[in-house]
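# Results of the structural survey
Each chain, letter by letter, is given below.
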Amino acid sequence: MRKSTRKVRILAGILAVLYVAIVLNVWFVQTRAAANRLDDLMGPSISCAVDTVDWAIEPEVLHVARVLADRWKSADAAARADLRSVQAALDCDQISIVGTNNVVLASTDPDSVGFDMTSAPETDEFTALNRGEVAYKSQLFRRSRGCRPGGDVGMWFKYAALPFPGGGYVLAGNTYRDFRKRYFGVLELLFEKMNVGADGYYLLVDRAGGKVVSGFQREWTGRPLADTGIDPQAFGEDEAVRIARVFGVRSYVRRTCLAFVEMDIYVVIPVDEILSARNVAVTMAALVVGLIFLLGGLLFCKVIRQHERIEDLFARESRRVEEDLAMARAIQANALPSVFPPYPNLRDVIDIHALMRPAREVGGDFYDFFFTGPGKLALVIADVSGKGVPAALFMMRAKATLQGLLRSGLGLAEAVGRANRRLAEQNDANMFVTAWVGVVDLASGELEFVSAGHEPPLLKRADGSVGFLEETAGPSLGMMDGAAYRTRTRTLAAGDGLLLYTDGVTEARNAAREFYGAERLAATLRGLLGAKDAGVIIDGIARDVDAFVGGTEQADDITLLAFRLVGSYCGIIAETGDQQERFGRAETV
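These numbers were taken from a predicted model, which means no experiment stands behind them.

Structurally, S451 is set in strand 18 (residues 446–452). Given a relative accessible area of 3%, S451 falls into the buried group. There is a polar contact of 3.4 Å between the side chain of S451 and the backbone oxygen of H454. Among all residues touching S451, those that are not within four sequence positions of it are A435, W436, E471, A473, G474 and Y485.

What follows concerns the packing of aromatic side chains. How two aromatic rings sit relative to each other is given by the distance of their centres and the angle of their planes. According to the stated counting rule, one finds 10 aromatic pairs in the structure shown. Taken together, a centroid distance of 5.6 Å and an interplanar angle of 75° make the contact between F235 and Y266 edge-to-face. Taken together, the residues span a long stretch of sequence, with F235 in the loop between helix 6 (225–228) and strand 11 (242–246) and Y266 in strand 13 (residues 263–270) at a distance of 31 residues. By relative accessible area, which is 10% here, F235 ends up buried.

This part is about the environment of D544. Here D544 is to be found in helix 12 (residues 534–549). Separated by 20 residues in sequence, D544 and T524 place their C-alpha atoms 7.6 Å apart. Look past the residues within four positions of D544 in its chain and what remains in contact with it is Y516, R520 and T524.

Between helix 11 (residues 518–527) and helix 12, the shortest axis-to-axis distance is 10 Å and the interhelical angle comes to 135°. Looking at the two axes, helix 11 sits oblique to helix 12. Of the two elements, helix 11 crosses helix 12, and the hand of that crossing is right-handed. Contacts between helix 11 and helix 12 involve R520, L521, T524 and L525 on the former and, on the latter, I537, G540, I541, D544 and F548. Considering only residue class, the contact of helix 11 with helix 12 consists of five nonpolar, two polar and two charged.

Conventions and cut-offs
Residues numbered from 1 in each chain as written. Predicted model: local features only at pLDDT ≥ 70, side-chain atom pairs only at ≥ 80, totals over all residues. Heavy atoms only, no water. Helix = DSSP H or I, 4+ residues; strand = E, 2+ residues; numbered from the N terminus. Buried < 20%, exposed > 50% of the residue type's maximum accessible area, 1.4 Å probe, protein only. Polar contact = N/O pair within 3.5 Å; in protein donor to acceptor, adjacent residues only side chain to side chain. Contact = heavy atoms within 4.5 Å. Phe/Tyr/Trp six-rings, centres within 6.5 Å; stacked < 30°, edge-to-face > 60°. Axes fitted to C-alpha atoms, helices over the stretch in contact; angles between N-to-C directions. Parallel < 35°, antiparallel > 145°, perpendicular 65-115°, else oblique. Left-handed = near helix turned anticlockwise from the far one by under 90°. Nonpolar A, V, L, I, M, F, W, Y, C, P; charged D, E, K, R; others polar.

So this is what it looks like as structure tokens:
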């Protein structure tokens, strides 16, 4: 499976989970809001319905109180009247006369006489009339025994009171006695066309007969409650909201009992009205979030595909670069002598071995050895500033320049000087190369050498002693146009050898950031006392460097060249005339 496909699947899974979580969260939040809206509608609607029924009954009770207040000008005058005859004439259930001291002076209910209206919260409300705070006072139906509060016993009374001009007030009360005869015509029209919210409505139901007394539609009046779809048995005394299919519409229903008239009020609100806002919000959230996630997912997929194309392009380019670098490394490796021993026909005269280990794919170090003439062997080691491809290109240029000039017949110092001038030309990158160049006369053992800012080689004598070829080094090649270089000489005897190296050896670091160093290199060479083969010396030094650095990454190119003069080369030169010719052929081997 491609990485992009796996990423797309992971993203799709994450987006799906987020989508469901967001939509569910909106659903829960909106459901809570719908429940709050239902409570906001149901609570005030029930209170409004009760107040409406009370309002329908109140005018008659208040009329009785007004007639009595107008008939007698004071409580004392009313207390002396025949209240029972007045009660019968006005068809009123209870009449009480209260004095200015808020004590009942006379009543159609003998038990109420002498009752102090301030003694109970329910009756204390009427005392505001004696204080002149209100023009009249009425109450909702409440249980009462005469004027006295009845608690859970007694009859349901609706009271209204008006003050006498001379003080005190008259209290008239009616029960639900002959309720249908008195108020039925009013209640039939009471809830007609009366809404709850947008589409909700009321149903006033006669509890005894189980029929609708009043509702939003007049044709509902007189129909059995069962025809509406409401089951009264499903409702308890807790006035909790139930769900029922009323007139075929799934609705929320709440019942309130009007005990004082033996009727029930049902508040009916269609479920869709309450949940419509929630459903719209959830639908919009699903659409909007889905669209955002879809566009985001498509954009992500596009970015992934573009990223994948870039990765593929980068991978192809990296492979191409790696192939080019591998080819460059092969070309560089082929440009350096790599067959050892290089001159099989001179094994009894010289022994040479070399190693170049680049820090990157290609390096800036190089070594070289070649014949500049009969019996004249040139040894070269160099280190180009920088690393990688630029250093490798400059290295190839420096190698070719030095080899061409040294084979041209010029003196060693002159050849190095001209190489410096040529390398300084068109050197916009300001690169330079340190180099050590020596020419060994195999007939005499004389070593002529020039140092262009390079590390001094180690000279190992046949007796095992090791020391540096100290000399005053000239400037690096390519750094200063017109620089002069001086030649130094040494004489090598049979068994003597040279170790040429670059700073990648002496500046190799271990994990503790310690340098390998020139002294350790000399000690390692000295420890290889019994090694007469140049290859063994190179391998021994390379292993010691590797052991020193451990797993630390190589920071610079490592280059070594070991040379040893073997046997009595002077005798060989004098032995036959055609030995000279053999040296001449050696440079083409």
